[in-house]
Amino acid sequence: MLTTARSQLRILARDPILLALVAVIFAAILIFVVYPLMMVFIASFQERGEWTGANYALMSERRLYRNALWNSLSVGALVGLIGVVIGYLAAFVLTRLDVPGKRVLHYLMIVPIISPPFVSAVSILFLFGFNGLITRQLLGLQDFSIYGFHGVVWSQVFTFAPIAYLSLRGVLASISPTLEDAALNIGASRWQVFWKVTFPLSLPGVASAFLIVFIESMADFGNPLVLAGAAFPMLAPQAYLEITGSFNLARGAMLSVILLIPSITAFAIQRYWIARRQYVTVTGKPTASTSKIVSTRVKWLLYALVLLFAALVLMFYGVIFVGAFTQVWGFNYTPTLDHFAYVFDVGFKTVTDTLIIAIITTPISGLLGMLIAFLVVRRVFPGKRALEFGSILSYAVPGTVVGIGYVLAFNGPPFILTGTLLILVLCFVFRYVPVGIQSGTAILRQIDPSIEEAAQNLGASALTTFRKVTLPLIAPAFFSALVYAFVRAMTAISAAIFLVSANWNLMTVQILNQVGSGRLGVAAAYSVVVIAIVLFAIVVINAIVTRMTRHMNMVKF
Amino acid sequence: MAESVHIHNLEKRFASPDAPGQEVHAVRNANLEVTPGELVTLLGPSGCGKTTLLRMIAGFEEPTSGDILFGERRMNDVAPNRRDAAMVFQSYAIFPHLSVYENVVFGLRLQKLSDAELKARADKVLAVSGLTSMANRSPNQLSGGQQQRVALARAIVMEPKVLLFDEPLSNLDAKLRDQMRVEIRDLQQRLGITSLYVTHDQIEAMSISDRIVVMNSGNIEQIGTPREVYARPASRFVAEFIGKANFPEAIVADAQTVDLRGVKLPVPTSGNVGDKVTLVLRPEAIALSATEGDFAATVRRAMFLGNVAEYLIEIEGLGEWLVDVPNPGEKGLLDPGQQIFASPSHSSLHALRG
Ligand SMILES: Nc1ncnc2c1ncn2[C@@H]1O[C@H](COP(=O)(O)OP(=O)(O)OP(=O)(O)O)[C@@H](O)[C@H]1O
Ligand SMILES: [Mg+2]
């Protein structure tokens with residue numbers, strides 16, 4: 001064991017830069033992923049410097065905390081369920097059926113992914129709030145309240161169903177319709193074919209999508225903060241309130257640990273149990289043939305349901321857009337540019353801050369993701385599994401937990417970072433690198449390693465090989481990693497809200513503040529700006545990556 | 001420029017991917033000296049460790065023990081990118097995102113050559129490999145043979161000390177393979193680069209090698225010129241792997257002759273008088289005659305293969321032999337059941353050791 005580790009290190013040391021790089025990445029993951037988490041654990045077991053289990057005893061003593069846990073779990077489960085149903089339906093219709101407008105519908109389905117996660121919460125307030133367009137203006141309801149369980153569930157379903165859709169789309173697209181044809185051919189009815197062939201084959205994918213949505217819902221911070229209301233406590237906002245409202249770090253840390261447990265459990269199941277049971281690879285080529293297992297009537301019914309969801313997406317964004325240009329929603333619908341004037345005047349520093357942070361974060365996170373993928377797939381070194389695990393871990397850790405961890409870890413020696421640009425950048429880089437690593441490793445595993453060996457053979461060092469050969473070859477993963485990092489940096493809230501300061505503030509935090517003080521118009525204007533910047537950035541990143549890899553589009557593997 | 005390659009007691013054991021704790025012994029105690037400018041092929045069946053040996057020389061695999069030297073210099077701890085041993089991969093491993101020209105100059109660019117020199121060297125090699133007209137194409141606009149040439153050009157433009165080939169022709173069709181084989185040999189001889197060439201095709205090995213290394217499940221069975229390994233195989237495995245052979249058992253009569261069922265044949269052996277030895281009798285070294293010869297035989301099977309007729313004959317007490325007779329188109333074919341005589345050619349007999 002030790003001798004293999006030593007000989008692995010010796011081989012690695014032939015490329016000193018590579019060795020140094022591995023060491024730096026190890027250290028960085030320890031400091032910026034593991035250490036903050038550890039601090040949360042430690043803090044949750046302490047009270048004024050003394051070790052104690054008292055914080056956890058509060059879980060059983062205080063109704064508020066028990067309710068918060070129960071509410072978070074039940075919302076997570078329900079949102080997971082509804083999200084998967086919608087996602088499955090949309091994925092089935094858009095991959096397997098012959099219906100018009102599939103491309104447009106696909107894009108509409110994924111728009112919620114690239115906007116701030118609580119845009120839907122704002123839309124819901126516009127439509128169903130106290131002065132909501134539908135509840136008040138159209139239906140004239142006086143005492144309807146959107147706050148609480150149903151508000152959060154609605155808003156989260158809208159936000160996270162697209163994630164289920166994306167992951168199920170890959171699963172369904174890779175189940176060959178010939179299997180269904182074969183079953184039909186031997187005399188099964190359509191209904192039987194679906195329940196006996198298609199559904200069982202996609203079941204691991206369904207379970208996986210459910211768990212992903214569950215994790216996202218548990219970790220969600222913005223929607224609950226806007227829509228849960230005081231009568232419906234939930235874990236993530238409660239942990240935040242403990243810290244910012246009552247300055248009780250220990251209890252905030254304890255709630256974080258409680259929040260962490262179901263998330264990590266779901267992540268472990270998803271990654272180590274279900275992922276192995278996936279019958280089909282998610283990267284499989286979409287097959288051209290369309291499914292015959294639904295009758296024409298059912299086909300159009302399913303299609304109508306997908307259209308309905310797409311229409312909801314359009315309506316929610318339409319409302320945000322109109323709201324951004326409306327004087328006072330609910331009272332005065334005169335068009336105005338006042339809200340944008342506010343954003344570009346008083347609030348403009350927040351816009352530039354956010355942009356600076358996102359622009360710094362994106363390339364670092366993207367490159368780091370590709371580099372770690374390269375190291376993990378192509379090199380052997382001691383602790384490789386630990387490195388991979390550590391770098392992917394942060395995906396499963398709710399942002400609130402990370403935020404509290406960073407506050408605890410970087411508020412005092414040896415690392416004092418609070419209030420700096422650096423703490424935000426580091427937090428984002430390490431939170432968003434796992435997606436890059438995963439898509440990078442997936443593509444890299446399909447590329448013949450001798451292409452990179454050839455580069456080395458011709459005299460390229462490991463780093464040159466990475467830069468001149470690996471990176472261009474995994475350009476699609478690089479692109480999605482960059483887009484993901486940028487989108488997340490522009491739209492993140494749960495961890496960031498603990499780390500912003502007067503010096504460095506974020507638009508998402510502003511949106512939340514504006515909602516809190518009832519200025520929905522300004523919140524909507526900020527949201528529109530965020531979405532516009534994100535769309536623009538996707539185009540730019542695409543152009544850059546395409547340029548970087550001119551010949552790639554002609555490559556067949 | 002050309003460099004000798006020395007391999008001393010080289011071993012490679014992999015941790016078995018199937019059974020934890022067990023090992024796959026891919027290369028066992030390999031010893032080999034390659035002289036400057038020589039082309040040596042590593043020949044053997046699938047899984048015998050050829051690629052592993054080559055990859056250890058290129059630096060992609062770490063030897064478990066033993067030494068690799070280029071000239072005087074021990075290479076074990078030299079990183080692959082500093083070995084100056086250019087490799088032509090079985091899958092070509094062409095950079096798909098770079099044009100043909102950029103593929104060829106990839107290594108030169110890393111050496112920070114001036115643009116003029118870069119272009120001069122690349123143009124020369126492109127011309128030699130017949131790629132000049134397609135320098136600006138993308139690799140996937142090339143045929144398999146052309147891609148193979150890019151891989152070759154990319155390696156030789158480096159003017160390396162050692163050239164390594166891992167089954168470079170195995171993805172090509174038969175005709176192109178013959179043609180590329182000649183081209184590679186020509187080029188290698190003209191440039192005088194020391195080369196190691198992996199193949200499992202014995203014809204390919206025979207036609208291009210100065211010497212052949214025959215491998216069998218990790219062991220080197222024999223090293224010799226194509227003539228040597230064919231005429232004097234060191235083991236039954238080598239004899240069977242390179243061409244076809246019959247293996248009758250004879251008895252040592254004296255140091256220069258053996259007795260094959262009463263017929264004295266001139267075969268030098270090192271054994272004692274009365275010892276049993278196995279002879280290697282190539283099918284084409286057996287003459288058939290209707291009237292006279294050493295052994296009476298019956299034709300059991302006759303096959304017309306174009307350039308030869310292949311017979312299976314049975315000799316009482318010696319079993320079945322395979323016999324090739326050239327030019328059957330003119331001579332006509334013997335019929336199964338026909339009685340004939342068979343005589344081993346005295347000049348091409350060989351006895352296996354032990
Ligand atoms: N990375 C590895 N891990 C474990 N075993 C390996 C590894 N690489 C090769 N082997 C084993 O070592 C042995 C030799 O493999 P090698 O690739 O050198 O064979 P080869 O002679 O090149 O065969 P082929 O003609 O099929 O290419 C095989 O049994 C193979 O399964
Ligand atoms: Mg091989």
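Residues numbered from 1 in each chain as written. Chains lettered and ligands numbered in written order. Predicted model: local features only at pLDDT ≥ 70, side-chain atom pairs only at ≥ 80, totals over all residues. Heavy atoms only, no water.

This part is about the overall build of chain A. The helix and strand tally for chain A stands at 25 helices and four strands. A compact globule built from 557 residues should have a C-alpha radius of gyration of about 24 Å, and chain A, at 24 Å, falls within 12% of that. When the backbone C-alpha atoms are referred to their principal axes, chain A occupies close to 75 × 70 × 50 Å. The buried share of chain A, reckoned over its 557 residues, is 55%. Considering only contacts within chain A whose residues lie at least 6 apart along the sequence, 80% involve residues at least 24 apart. When the accessible surface of chain A is totalled, it reaches about 23700 Å², and 69% of it is carbon and sulfur. Where the 36 positive side-chain charges of chain A centre and where its 18 negative ones centre are 9 Å apart. (Helix = DSSP H or I, 4+ residues; strand = E, 2+ residues; numbered from the N terminus. Rg over C-alpha atoms; globule rule 2.2 N^0.38 Å. Buried < 20%, exposed > 50% of the residue type's maximum accessible area, 1.4 Å probe, protein only. Contact = heavy atoms within 4.5 Å. Areas by Shrake-Rupley, 256 points an atom, 1.4 Å probe, with all protein chains shown as cover. Lys, Arg positive; Asp, Glu negative; His and termini not counted. Charge placed at Lys NZ, Arg CZ, Asp CG, Glu CD.)

As a further point, take the interface of chain A and chain B. Accessible area lost upon the coming together of the parts serves often as the stated size of an interface. Contacts between chain A and chain B engage 26 residues on the former and 32 residues on the latter. Carbon and sulfur atoms make up 59% of the surface buried where chain A meets chain B, a total of about 2500 Å² over both sides. Residue B:R55 pairs with A:E453 through a salt bridge whose shortest N-O separation is 2.7 Å. Our count for the contact surface shared by chain A and chain B stands at seven residue pairs in polar contact (both at pLDDT 80 or more). Contributions of two or more residues to the side of chain A that touches chain B are made by α1 (2-13), α20 (449-457) and α21 (462-473) of chain A. The greatest single-element share of the side of chain A that touches chain B, amounting to seven residues, is contributed by α20(A). Residue classes in the side of chain A that touches chain B are distributed as 13 nonpolar, seven polar and six charged. (Buried area = accessible area lost by both parts, 1.4 Å probe. Salt bridge = Lys/Arg side-chain N within 4 Å of Asp/Glu carboxyl O. Polar contact = N/O pair within 3.5 Å; in protein donor to acceptor, adjacent residues only side chain to side chain. Nonpolar A, V, L, I, M, F, W, Y, C, P; charged D, E, K, R; others polar.)

This next bit is on the sheet that holds strand β1 (residues 5-15) of chain B. Residue and element names in this part refer to chain B. Taking strand neighbours across the sheet as the criterion, the four strands line up as β2-β1-β4-β5 in an open arrangement whose pairing is antiparallel. Two strands close off the open sheet at either side, each with one partner strand: β2 (23-34) and β5 (73-74). Examined bridge by bridge, β1 and strand β4 (residues 65-70) share five bridges and lie antiparallel to one another. When the sheet's bridge partners are listed, V5 is paired in β4 with F70. Running over the sheet, helix α1 (residues 50-58) touches β1, β2 and β4 and is turned about 115 degrees from β1. (Pairing = 2+ DSSP bridges. Axes fitted to C-alpha atoms, helices over the stretch in contact; angles between N-to-C directions.)

What follows covers the packing of aromatic side chains. Applying the stated criterion across every chain, the model contains 30 aromatic pairs over all chains. Aromatic pair A:F344 and A:F348: ring centres 5.8 Å apart, planes at 40 degrees, arrangement tilted. Between A:F410 and A:F415, the aromatic rings sit 6.0 Å apart at their centres with planes inclined by 70 degrees, giving edge-to-face as the arrangement. Classification of A:F410 by relative accessible area gives buried; the value is 0%. When its relative accessible area of 28% is taken as the criterion, A:F415 is described as partly exposed. In this structure an aromatic cluster arises from ring pairing among A:F32, A:Y35, A:Y406, A:F410, A:F415 and A:F430. The ring of B:Y230 has B:R282 sitting right over it, with the charged end atom 3.9 Å from the ring centre. (Phe/Tyr/Trp six-rings, centres within 6.5 Å; stacked < 30°, edge-to-face > 60°. Lys NZ or Arg CZ within 6 Å of the ring centre and 35° of its normal.)

Turning our eyes to something else, we now look at the nonpolar core. Counting residues in hydrophobic clusters, the biggest one holds 257 residues, and the most contacted among them are A:Y406, A:L424, A:F428, A:F430, B:F95, B:L164 and B:L196. Broken down by element, this core gets its largest block of residues, 15 residues, from helix α25 (residues 520-548) of chain A. In this structure, A:F430 is in contact with A:A28, A:I29, A:F32, A:V33, A:L368, A:S394 and A:Y406, ignoring residues within four places of it in sequence. (Core = buried A, V, L, I, M, F, W, Y, C linked by side-chain atoms within 4.5 Å.)

Attention shifts here to the UniProt feature "domain: ABC transporter" (unreviewed entry) in chain B. Summarizing the sequence annotation, UniProt attributes the feature "domain: ABC transporter" (unreviewed entry) to residues 5-242 of chain B in the numbering used throughout. As annotated, residues 5-242 of chain B comprises 35% helix and 26% strand, and the C-alpha atoms at either end are separated by 25 Å. (UniProt positions renumbered as here; feature names shortened; annotations may be inferred.)

Let us look at the domain arrangement of chain B. Residue and element names in this part refer to chain B. Domain annotation for chain B reports domain 1 (5-241) and domain 2 (249-351). Using only C-alpha atoms to locate each centre, domain 1 and domain 2 end up separated by 39 Å. Taken together, the six residues of domain 1 in the interface contact five residues of domain 2. Surface buried jointly by domain 1 and domain 2 totals about 520 Å² across both partners, of which 41% is contributed by carbon and sulfur atoms. The interface formed by domain 1 and domain 2 contains zero salt bridges. In terms of residues, the side of domain 1 that touches domain 2 owes the most to one element, helix α7 (residues 226-231), which gives three residues. (Domains from an automatic or database assignment.)

In this section: the UniProt feature "domain: ABC transmembrane type-1" (unreviewed entry) in chain A. UniProt tags residues 69-270 and 351-541 of chain A as "domain: ABC transmembrane type-1" (unreviewed entry). Secondary structure content for residues 351-541 of chain A is 79% helix and 0% strand, while the C-alpha to C-alpha distance between its ends is 19 Å.

The next point concerns the layout of surface pockets. In this structure, the second largest pocket occupies an estimated 1500 Å³ of space. Lining of the second largest pocket is provided by 45 residues; of these, A:Q8, A:I11, A:V380, B:E61 and B:E62 occupy positions nearest its centre. At the level of secondary structure, the elements contributing two or more residues to the lining of the second largest pocket comprise α1, α16 (348-378) and α20 of chain A together with β1 and β4 of chain B. Per-element accounting of the lining of the second largest pocket gives the leading share, seven residues, to α1(A). Residues of the lining of the second largest pocket, tallied by class, amount to 16 nonpolar, 13 polar and 16 charged. (1 Å grid on protein atoms, 1.4 Å probe; cavity = no way out; pocket = protein on both sides within 12 Å on 5 of 7 lines; lining within 4 Å. Points joined across faces, edges and corners; volume = space filled by probe spheres on them.)

Let's shift gears to the confidence of the model for chain A. All names here are of chain A. Mean pLDDT over chain A works out to 84, with 94% of the residues at or above the 70 mark. In the predicted structure, residues 280-288 sits below a pLDDT of 50 and forms 13 contacts with residues beyond four places in sequence or in another chain. Segment residues 551-557 is flagged for pLDDT under 50; beyond a separation of four residues in sequence, or across chains, it makes 17 contacts in the model. (pLDDT = per-residue confidence, 0-100.)

This brings us to the site of ligand 1. Residues and elements named next belong to chain B. Taken together, 13 residues surround ligand 1, and among them S46, G47, K50, T51 and T52 come closest. Between an oxygen atom of ligand 1 and a main-chain N or O atom of G49, the distance comes to 3.0 Å. K50 places a polar side-chain atom, nitrogen or oxygen, 2.8 Å from an oxygen atom of ligand 1. Taking 640 Å² as the accessible area of ligand 1 by itself, protein coverage stands at 65%. Counting only elements with at least two residues in the shell around ligand 1, the list comes to β1, β2 and α1. Among the elements that line the shell around ligand 1, the one with the most residues is α1, at three residues. Here the shell around ligand 1 is composed, by residue class, of six nonpolar, five polar and two charged. (Near = heavy atom within 4 Å.)

Okay, the pairing of strand β7 (residues 162-166) of chain B next. Residues and elements named next belong to chain B. Within β7, five of the five residues are buried, which leaves it mostly tucked inside the rest of the structure. Burial of β7 is two-sided: the residues V162, L164 and D166 facing one way and the residues L163 and F165 facing the other way are all buried. Examined bridge by bridge, strand β6 (residues 85-88) and β7 share four bridges and lie parallel to one another. Bridging from a neighbouring strand, A85 pairs with V162 of β7. The sheet contact formed by β7 and strand β8 (residues 194-199) spans five bridges and is parallel. Its bridge partner lying in β8, D166 is registered against V198.

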